[in-house]
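Structural description and commentary
Read off the chains here:
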Amino acid sequence: MRRLVLGFLMLALGLWQTVATAGTLQEVKKRGFLRCAIVEASPGFSAITDKGERVGFDIDHCKAISAAIFGAIKIEYVPITPQTVFTLLQSGGVDIFPGGATWTYLRDTSMGLDFGGVYLYAGQGFLVRRDSGIHGVDDLKNATICVAQGTTLEQNIADYFRARSMPYKIVTFANIERAMDAYQAGRCDAFTNELGAMAGRMQGLVKPADHVILPDVISREPMGPMVRQGDAQWRDLALWTFNAQIAAEELGVTQANVATMRKSSVNMEVQRMLGVKGDFGQYLGLQNDWAYNVIRLVGNYNDTWDRNFTPLGLERGLNRLWKDGGLFMALPFR
Amino acid sequence: MSQSGVPSSRLARKIRDLLPQMLIMLGVALLVYFVVVTTRENLAQLGVQSGFEFLHKEAGFAIAQTLIPYTEGSSILRAFCVALLNTLLLAVVSIGLASLFGLGIGIMRLSSNWLVAKLGLIYVEIFRNIPVLLQIFFWYFVVLRSLPGFADSFTFAGFVLNNRGLYFPTLQIDDWSALFSGGWHLVVPHPGRFEYEGGFALMPEFLALALGLSMYNASYIGEITRSGFLAVARGQYEAASALGLSGYVIFRRITFPQALRVMIPPLSTVYMNIFKATSLAAAIAYPDIVSVFVGTVNNLVGQPIEIMLLTLATYAAVSFAIAWAMNSYNRRIQIQERGE
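Thresholds applied
Residue positions are given per chain, counted from 1 along the sequence in the order it is written. Chains carry letters from A onward and ligands carry numbers from 1 onward, assigned in written order. At least 70 in pLDDT is required for a residue's local features to be given in this predicted model, at least 80 for side-chain atom pairs to be given and counted, and no such filter applies to totals for whole chains, interfaces and linings, which use all residues. Note: side-chain values were computed over all heavy atoms of the structure, leaving out hydrogens and water. UniProt positions are given in the numbering used here, feature names are shortened, and annotations may be inferred rather than shown by experiment. Only DSSP runs of H or I with at least four residues qualify as helices, and only runs of E with at least two residues qualify as strands; both kinds are numbered from the N terminus onward. The reference for a compact globule is 2.2 Å times residues^0.38; the radius of gyration itself is calculated from the C-alpha atoms. Each residue is assigned to one of three classes by its accessible area relative to the maximum for its type, calculated with a 1.4 Å probe on protein chains only: buried under 20%, partly exposed between the two thresholds, exposed over 50%. Contacts were defined at the residue level, with two residues in contact if any of their heavy atoms lie within 4.5 Å. Values of accessible area rely on a 1.4 Å probe in the Shrake-Rupley scheme; residue burial ignores everything except the protein chains shown. Counted as positive: Lys and Arg. Counted as negative: Asp and Glu. His and the chain ends are not counted at all. Note that the charge is assigned to NZ on lysines, CZ on arginines, CG on aspartates and CD on glutamates. A strand pair is defined by DSSP finding two or more bridges across the two strands. Note on geometry: axes are lines fitted to C-alpha atoms, helical ones only across the stretch in contact, with angles between N-to-C directions running from 0 to 180 degrees. Each polar contact in these results corresponds to two N or O atoms within 3.5 Å; when the atoms are within protein, one needs to be able to donate a hydrogen and the other to accept it, and residues that are neighboring in sequence are counted only if both atoms are side-chain atoms. Both site types are read off a 1 Å grid over the protein atoms alone. A 1.4 Å probe that fits but cannot get out defines a cavity, while an open set with protein on both sides within 12 Å along at least five of seven lines defines a pocket; lining residues have an atom within 4 Å of a point. Grid points are joined across faces, edges and corners, and a volume is the space filled by probe spheres set on the points. In the scheme used here, Gly and all other residues not listed as nonpolar or charged are polar, with Ala, Val, Leu, Ile, Met, Phe, Trp, Tyr, Cys and Pro taken as nonpolar and Asp, Glu, Lys and Arg as charged. For Phe, Tyr and Trp, rings pair up if their centres lie within 6.5 Å, where Trp contributes its six-membered ring, and each pair is then called stacked (planes under 30 degrees apart), edge-to-face (over 60) or tilted (otherwise). Joining through side-chain atoms within 4.5 Å is the link that ties buried Ala, Val, Leu, Ile, Met, Phe, Trp, Tyr and Cys residues into a set, and such a set is a nonpolar core. To be clear, the arc concerns the directions from the helix axis to the C-beta atoms.

Chain B is annotated in an unreviewed UniProt entry as ABC transporter permease subunit from Govanella unica.

In the annotation of an unreviewed UniProt entry, the entry for chain A reads Amino acid ABC transporter substrate-binding protein, and the organism field reads Govanella unica. Looking at the Sequence similarities (unreviewed entry) heading of the UniProt record, one finds this comment for chain A: "Belongs to the bacterial solute-binding protein 3 family."

As structure tokens, this is what we get:
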């Protein structure tokens, strides 16, 4: 009996202690690996190869963070659904969610979550059957649309169709696979999703050529790595890890030439970034060569794009560097 | 007992028996207190909003089936009501269908016709032994994939069936004062651009869930029915026959009412299980409470604690209401014992 009461008290005290006082970076270092939240299957973003390796744009970002911290890939991937990820992040079940979260006002301000920059500019589009006679979003008046639940997508459609007084019907599925299955089975006239992920999944349709993505994009979906709020160092680490990949592309440092660039580049910014000059690593709580490890193990932004999205036929569009007409401008390493 | 008062040794034993229970209660109360306080502190530290103010915010998302008026501009509270009504509609229809099917199956199993009895047995063994979620998936994908598309819909007397659902003609009253002199007209579903319009439509998701839940639970209700009838003493039937009552009257007036007394308590359990199993709706896009609330709204406002609490409380309240209604009914139909 006494032991039972004691147990209760200890459990209560244990719960009392759950407020994380240590920084996430210290925790991750102590633990020895990164806990990275991923969507289990989204071609191009997160997939498993025949050999059982995880690949994709989101996976590469998990790897980049791990490379920055450990100089090696030490990750535990935690599969999540859009419904569970916020809770998992808030409660400390994962350290970072690199994929698929659109940076919105409410998510940033009211949920105890923070974003470490934008690493993909995307938008919401529609997939329809080629023979449906639908040529643009305006043709979707009174149409039934399949969508995956727990995303900004539902709200974007509501905003867009409401502003145009267009009635529509929405069928909300627990995940993207089921929504796409239902679309394929004729339950819906259109399937909607973020364009990049949709292009990736289109390959999974029985006859991809029978379907077409409408040219209209109805929303802005700036996506970035999501972290817990209130840990400035950890957020900086997420932001600068990604920024190193953009900067590397801007400065001409690639996964292929990073070793030589480190030895021979006379560009001072490259030297500072790769840890040849200065002591930039310590300000993030990392080794001086953290960015070198990121580029060496994962590559610059273009390397990740080429590896993951080029095979899907995805254009870089807005995701090009500013000097090529895109939106990315590297924050200076200075 | 002739002895008055409790001996002191008994009192001591009573206290000794009660003490551990009180300590456990105290422990539980402390635990709850610590959990609540810690959670609040953690949430505040994380900057997560807490409280139920979000219920009054604009929902900003659409819902596929709404029994009361609802638009994207309605509040989240209204979305909650819409989802609750969807859940209740599904539960009521499933409970009704399950009872009907179940009664039929139970009676089949009691039939003196060998083939009919064996068919009843086969039904029970098949539907009772397959998880209900799989049955729902089966119905959903069969309903969805084998039904004709829009262009080849089955139409019959104003009813339409295709892969978008089952459409009914509805009565529309134009003028209540002229109700009996042509103040109404029938709205028959007619082809629109993408689907049939007008009339009332049941989503295929609803059909699959109602079928899955009622067919599965009918196997249990069938067994409950069988046990109920078997519990009625054979003499009751024989006495009724001796009086020359017809088979239907015997069933309606003698055996069924007596069987019902035995059936009600286990039926309450099945009804509550059906109600709780409606939450499987979230698996196939029927907008029930779990789907709309735990799915969409949680992602919108990011307050899992409040949302889970509200959802759990709703399920508990409705389950309790079902139990209460069934218990009252049970008390009413039980044999009223006279005196001691």
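Additional details are given in the paragraphs that follow.
What follows is about the overall build of chain B. Within chain B one finds 9 helices and 8 strands. By the compact-globule yardstick of 20 Å for 340 residues, chain B is too spread out, its C-alpha radius of gyration being 27 Å. Taken over the C-alpha atoms alone, chain B extends approximately 85 × 80 × 50 Å along its principal axes. The proportion of buried residues among the 340 residues of chain B is 42%. At a minimum sequence separation of 6, the contacts of chain B that also span at least 24 residues come to 63%. When the accessible surface of chain B is summed, it comes to about 18,600 Å², and 66% of that surface belongs to carbon and sulfur atoms. Positive and negative charge centroids in chain B, built from 22 and 18 side chains respectively, lie 15 Å apart.

Further remarks concern the overall build of chain A. The secondary structure content of chain A amounts to 14 helices and 13 strands. The C-alpha atoms of chain A give a radius of gyration of 22 Å, which matches the 20 Å a tight globule of 334 residues would have. Counting only C-alpha atoms and orienting by the principal axes, one finds that chain A spans roughly 70 × 60 × 40 Å. Within the span of chain A, comprising 334 residues, buried residues form 53% of the whole. Per element, the accessible surface of chain A, about 14,200 Å² overall, is 55% carbon and sulfur.

Residues and elements named next belong to chain A. Ordered in space as β9-β8-β10-β7-β11, the 5 strands form an open sheet in which the pairing is mixed. Of all strands in the sheet, those bounded by a partner on one side alone are β9 (169–173) and β11 (211–213). Between one strand axis and the next, the sheet turns through 30° on average, direction left out of account. Where strand β7 (residues 124–129) meets strand β10 (residues 190–194), 5 bridges bridge the pair, whose relative direction is antiparallel. Bridged to Val128 within β10 is Ala190.

UniProt tags residues 18–36, 76–108, 120–142, 270–287 and 307–326 of chain B as "transmembrane region" (unreviewed entry). Each end of residues 120–142 of chain B is marked by a C-alpha atom, and these two atoms are 23 Å apart; helix forms 87% of the span and strand 0%.

Moving on, we get to the environment of Gly106 of chain B. Mapped onto the secondary structure, Gly106 of chain B falls in helix α2 (residues 76–110). The spacing of Gly106 of chain B and Ile122 of chain B is 16 residues in sequence and 12 Å in space, taken between C-alpha atoms.

The next thing to look at is the side chain of Glu223 of chain B. Residue and element names in this part refer to chain B. For Glu223, the position within the fold is in helix α5 (residues 204–231). For Glu223, a relative accessible area of 18% corresponds to the buried category. A polar contact of 2.6 Å, which involves the side chain of Glu223, links it to the side chain of Arg109. Those residues within four positions of Glu223 in sequence are excluded, and the remaining contacts are Arg109, Val124 and Arg128.

As recorded in UniProt, the feature "domain: ABC transmembrane type-1" (unreviewed entry) lies at residues 84–326 of chain B. The annotated region residues 84–326 of chain B carries 66% helix and 11% strand content, and the separation between its end C-alpha atoms amounts to 21 Å.

Let us now look at empty space enclosed by the protein. Scanning the model with the defined rule gives 4 cavities of 30 Å³ or more in all. Roughly 70 Å³ of volume is contained in the largest cavity. As for the largest cavity, its lining consists of 13 residues, of which Thr172 of chain A together with Ala62, Ile63, Pro287 and Val292 of chain B are closest to the centre. With 3 residues, helix α8 (residues 289–301) of chain B is the largest single contributor of residues to the lining of the largest cavity. Its residues assigned to classes, the lining of the largest cavity comprises 8 nonpolar, 4 polar and 1 charged. Computed from the structure, the second largest cavity encloses a volume of approximately 50 Å³. Every element with two or more residues in the lining of the second largest cavity is listed here: α3 (57–70) and α9 (232–251) of chain A. The leading source of residues in the lining of the second largest cavity is α9 of chain A, at 4 residues.

We now examine unusual backbone geometry. Residues and elements named next belong to chain B. Positive phi, close to 50°, is recorded for Ala157, a residue that is not glycine. Relative to the elements of secondary structure, Ala157 occurs in the loop between β1 (154–156) and β2 (159–162). Located in the positive-phi region is Ala285, a residue other than glycine, with phi close to 65°. Tracing the chain through its elements places Ala285 in the loop between α7 (247–277) and α8.

Throughout the structure, instances matching the rule amount to 37 aromatic pairs over all chains. Ring geometry for Trp305 of chain A versus Phe309 of chain A: centroids 4.7 Å apart, planes at 75°, classification edge-to-face. The two residues Trp305 of chain A and Phe309 of chain A agree in class, both being buried. Residues Phe229 of chain B and Phe251 of chain B carry aromatic rings whose centres are separated by 5.7 Å and whose planes lie at 10° to one another, so their mutual orientation is stacked. Here Phe229 of chain B, found in helix α5, pairs with Phe251 of chain B, found in helix α7; they are 22 residues apart in sequence, far enough to count as distant. With relative accessibility at 27%, the residue Phe251 of chain B sits in the partly exposed group.

On to the sheet that holds β1 of chain B, then. Residue and element names in this part refer to chain B. Overall, antiparallel pairing links the 4 strands, which are arranged β1-β2-β3-β8 in an open sheet. One side of each edge strand has no neighbouring strand; the edge strands of this open sheet are β1 and β8 (200–202). Strand-to-strand twist in this sheet, taken as the mean axis angle between neighbours without regard to direction, amounts to 15°. In the sheet, strand β3 (residues 165–168) pairs with β8 via 3 bridges, with the strands oriented antiparallel. The residue bridging Leu166 from the neighbouring strand is Leu202, located in β8.

What follows concerns the nonpolar core. All names here are of chain A. With 53 residues, the main nonpolar core has Leu120, Trp234 and Trp290 as its most contacted residues. Residues contacting Trp234, with those up to four places away along its chain left out, are Thr24, Leu25, Val28, Leu34, Ile65, Ile69, Asp95, Ile96 and Val227. Leu127, Val171, Ile176 and Met202 belong to the second largest nonpolar core, which has 44 residues in total.

It is worth spelling out the side chain of Asn300 of chain A at this point. Residue and element names in this part refer to chain A. Here Asn300 lies in the loop between α13 (290–297) and α14 (301–308). Here Asn302 takes part through its backbone nitrogen, which lies 2.9 Å from a polar atom of the side chain of Asn300. Ignoring anything within four residues of it in the chain, the contact list for Asn300 reads Gln245, Ala248, Glu249, Val253, Thr254 and Ile295.

Further remarks concern helix α7 (residues 176–184) of chain A. All names here are of chain A. Taken together, the buried positions of α7 are Ile176, Ala179, Met180, Ala182 and Tyr183. Around the axis of α7, the buried residues are gathered within 160° of arc, so they sit on the same side. For α7, the N-terminal capping position is held by Asn175, with its side-chain oxygen 3.2 Å away from the main-chain nitrogen of Glu177. Two residues or fewer past α7, Gly186 is found with a positive phi of approximately 90°.

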